[in-house]
Every structure is written in C-alpha cells, then in structure tokens.
Amino acid sequence: MSSGRTLPLFPLQTVLFPDGLLSLKVFEARYLDLMGACVRDGLPFGVVALRQGGEVRRAGEEVALEPVGCSARLMDVDSPQPGILLVRCRGEQRFRLLGQRMQDNGLWIGEVEMLPDDPAGPPRQELVESARALASAIQALRQKGPLPFLEPLRFEDAGWIANRWCELLPIPLAARQKLMELEDPQLRLQIVDRFLRDKGIVA
C-alpha cells in the first residue's frame, strides 16, 4: 500500500467500483482539460462520489466528497461535436482521500492512499445462489443490448460478483458507497445476498 500519491478528481453523483464501466459526457472546461491530459499522458484520474453539491460547478456552492473513491482509466474517447467528449472508463483501484484542494481552474486534486485490491476467491457456499442469479441477469441483459459490464465475466470471484450486483441494484447512493468501501468482499456479497433474498430475487 502506498501513500502520498496525487490524483485529479472527478466528483460525480455515482459510485465507481473496481472493474466497473463508466460512461461520461464531458463538457466543462476543467474536465475537458483533464481528459486531454489523461489521453496525452496515459494516466488515471479519481472518481469520487459527491456527499454534498452538484456535478456542475456553481459559484458559492458547498461541495463535500466521500472519503473513498476509485481510480479510472480511459478506454474510449469520442468527440461528436466541439466542446463535448464522450468517454468510457474502467474502474481500477480504490483509494482513500487524505486531503483535497481545488486548483484555480476549478479542478479538484486529491492526496490519496491507494487501497489493496479485493483478495480473489470464490463466493462462500451459502452465497453461490447470488452468483447464479447474476449469471441469469446478465443473460437477460445481453438480449436487450450491450452489457453494462466489462468482460471477462468472473463468476468465480466473490468481490467481482458483489460489485456487479451493487451496480445493478436500485439502492441509494450512500448505501452503494458504503458497500464499495467494505474491505471484505465476502461481507459485501453477504449484504447483497441478503438484499436479493429480501426482494425475492434469490430463493
């Protein structure tokens, strides 16, 4: 684990998980500049959920960021018209914010500690039904269009299964944030499994 690293931050009303897929429409000058720098230098940026404030900058508005975010790396960048970028990003690694500051151009810079990846491992036996239910959900999604997930699909990995369910389920932003912050992927999947059973998605 390393500390003292800086990352440019993109605060959003969403939670990005490792290996998650994030699509963005970028039009503010500060984030257009950020995307240009990431393309030029091949560097990631940090996605962090907003606890308070909006995604578009407003004078005098109070902004509060969640303490844990996820680094993102650009995959595709398209410019359908001047001043607008459509980008797709892959979630990479969680980080903890140690401090943040806003530059003169309005871009947030975070001092971050990168957090360890989820330990790889299959779901516990009592959680296997959640993996099977996710496989069924993905089959249904394939028939409707492109998957909202990046491949390969990893049904043998408890953390991956939990993260993909967290992206699919209609849960509040604050709850999704807390799940992302959990260091134990089996516990994250256990909480998801309980939700799925409460909703009748898993018997």
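A. Here's a closer look at the environment of A133. Tracing the chain through its elements places A133 in helix α2 (residues 128–142). Distance in space between the C-alpha atoms of A133 and L85 is 35 Å, their sequence separation being 48 residues.

B. Layout of unusual backbone geometry. P152 follows E151 through a cis peptide bond whose omega is 10 degrees. Within the secondary structure, P152 sits in the loop between α2 and α3 (158–168). With a phi close to 70 degrees, D19 is a non-glycine residue in the positive phi region. Structurally, D19 is set in the loop between β1 (5–12) and β2 (21–26).

C. Highlighting the packing of aromatic side chains. With the rule as written, the count across this model stands at 4 aromatic pairs. With 3.9 Å between their ring centres and 10 degrees between their planes, F10 and Y31 make a pair best called stacked. Taken together, the residues span a long stretch of sequence, with F10 in strand β1 and Y31 in helix α1 (residues 29–41) at a distance of 21 residues. Measuring from ring centre to ring centre gives 6.2 Å for F10 and F45, while their planes differ by 45 degrees; the resulting arrangement is tilted. Of this pair, F10 sits in strand β1 while F45 sits in strand β3 (residues 45–52); the two residues are 35 residues apart in sequence, bridging distant segments of the chain. F45 carries the same exposure label as F10, and that label is buried.

D. Region of the structure containing the pairing of β1. β1 sits mainly inside the fold: 6 of its 8 residues count as buried. One ladder, built from 5 bridges, connects β1 with strand β7 (residues 108–114); its direction is antiparallel. What sits directly across from L9, in β7, is W108. Pairing between β1 and β3: 4 bridges, direction parallel. Bridge pairing links F10 to V47 in β3.

Criteria and cut-off values
Residues numbered from 1 in each chain as written. Predicted model: local features only at pLDDT ≥ 70, side-chain atom pairs only at ≥ 80, totals over all residues. Heavy atoms only, no water. Helix = DSSP H or I, 4+ residues; strand = E, 2+ residues; numbered from the N terminus. Phe/Tyr/Trp six-rings, centres within 6.5 Å; stacked < 30°, edge-to-face > 60°. Buried < 20%, exposed > 50% of the residue type's maximum accessible area, 1.4 Å probe, protein only. Pairing = 2+ DSSP bridges.

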